[in-house]
Amino acid sequence: MDKEGKKKFKWWKIPVFLLVAAVVVVAGYFAYVFLTYSRIEDNQPLEVKGNSTEVAEAGTEYTIVSYNIGFGAYTPDYSFFMDGGTESRAASRESVIRCTTGVADKALEFEPDFAVYQEVDTDSTRSWHVDQTELIDNRYDSVAAFDHVFALNYHSAYLMYPVTKPHGASNSGLLTESRFNVNSALRRSLPIATGFKKIIDLDRCYSISRIPVSNGKELVLFNTHLSAYATDAAQGNAQLQMLFGDMKAEYDKGNYVICGGDFNHDFTLDSKEFFNPGSDEDYSWCQPFPDDAIPEGFSKCIEYNEGMVPSNRNTNIPYSEECFTSILDGFIISDNVECNYVQNIDTGFAYTDHNPVVMKFVLSE
């Protein structure tokens, strides 16, 4: 370039070009997120794996465990960026495997006949692409013949935040284990946020597993994980109305109904105050459970045999006595199911940001 050409060159064009390029990249990314977004099919039949042939009996006591495994990331020192913490992924693949097998082994200590797990990843960036369903299924199969049902709760595009270590793409769902034959299973899509909020809140569902009972009825087992982020009261109520509608329909047929999982509400109505006296925190995932929405013939199992124990910790900081804790997880049963025992188990949040809930029950004759 000659001297005259150098004089005419506009150096300010370089930052302008970089700015334009950045805008194009960001716009392209948001277009990718929205264009690749899709809801998972409603009323989707689910594959039942396993070879259990046992049939459930009325009048016999059984044990069920509910456990949100937190995608195998939440060791006690872990804090999560969406809750105000620092981490976006599990520490390592080895840590994911250790936490996932730890969760399964802890539940198996109670010799469960059934188990419902939430936030189980199959192929996610955040959990180092570990198939957690395979790890848990193998653990159960090593004890007895179990049937396994997995429902994909949500799948997401690659989240480019935090920039230094992106959360990435997620494939996460609900896993049900049954020592008794599951003759069919179904995935139901819950109402979710619309517009931009749907990218944050993602998809949500519950699974329905049908277990034959020797008296000709069915034990209908619901596994659910309701929305936590970007949820307003109307959306939360719509999710519960849909869930309760399906539960009531099964009860009206004469079937036994158990719903277990993470309800993302203050399950006992007062756990926030009980565990955090004087706290003025107002988290969207810890609003009081709307008891008046529970249909006639159903009740929550909250008469804890060994006292109140939190089932969840906030992950804005590593676990300590300063953590905000609450009860989000539990069971809702029809009145032809007798709850003989229920307890949240204190694990010190060793493997996940949740504690397991154990219930012993009898199907009424």
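The text that follows walks through the structure, step by step, so that each part is easy to find. Predicted, not measured: the structure shown is a model, and the values here were computed from it.

Here the focus is the side chain of K272. If you trace the backbone, K272 turns up in helix α7 (residues 271–275). No salt bridge is formed by the buried K272; its nearest oppositely charged neighbour, D282, is found at 4.7 Å. Residues contacting K272, with those up to four places away along its chain left out, are D266, S279, D280, E281, D282, C286 and F324.

Our focus in this paragraph is the environment of A193. Of note, A193 is situated in the loop between β7 (184–189) and α5 (197–201). The spatial distance from the C-alpha of A193 to the C-alpha of Q235 is 7.0 Å, given a sequence separation of 42 residues.

Quick look at the packing of aromatic side chains now. Taken as a whole and assessed by the stated rule, the structure comprises 25 aromatic pairs. Judged by centre distance (6.5 Å) and plane angle (20 degrees), the rings of Y67 and Y117 are stacked. A residue pair is termed long-range when its members are at least 10 positions apart, and Y67 in strand β3 (residues 61–68) and Y117 in strand β4 (residues 114–121) qualify at 50 residues. Like Y117, Y67 is buried. Ring plane angle 75 degrees and centroid distance 4.9 Å describe the contact between Y74 and Y78, whose orientation is recorded as edge-to-face. Classification of Y74 as buried rests on a relative accessible area of 3%. Members of the aromatic cluster, each reached through a chain of ring pairs, are F71, Y74, Y78, F80, F81 and Y161. It is R126 that lies over the ring of F71; its NZ or CZ is 4.0 Å from the centre. Over the aromatic face of F267 sits the side chain of K300, whose NZ or CZ is 5.3 Å from the ring centroid.

Each value, and the rule that gives it
Residues numbered from 1 in each chain as written. Predicted model: local features only at pLDDT ≥ 70, side-chain atom pairs only at ≥ 80, totals over all residues. Heavy atoms only, no water. Helix = DSSP H or I, 4+ residues; strand = E, 2+ residues; numbered from the N terminus. Buried < 20%, exposed > 50% of the residue type's maximum accessible area, 1.4 Å probe, protein only. Lys, Arg positive; Asp, Glu negative; His and termini not counted. Salt bridge = Lys/Arg side-chain N within 4 Å of Asp/Glu carboxyl O. Contact = heavy atoms within 4.5 Å. Phe/Tyr/Trp six-rings, centres within 6.5 Å; stacked < 30°, edge-to-face > 60°. Lys NZ or Arg CZ within 6 Å of the ring centre and 35° of its normal.

Shape descriptors only; they carry no functional weight alone.
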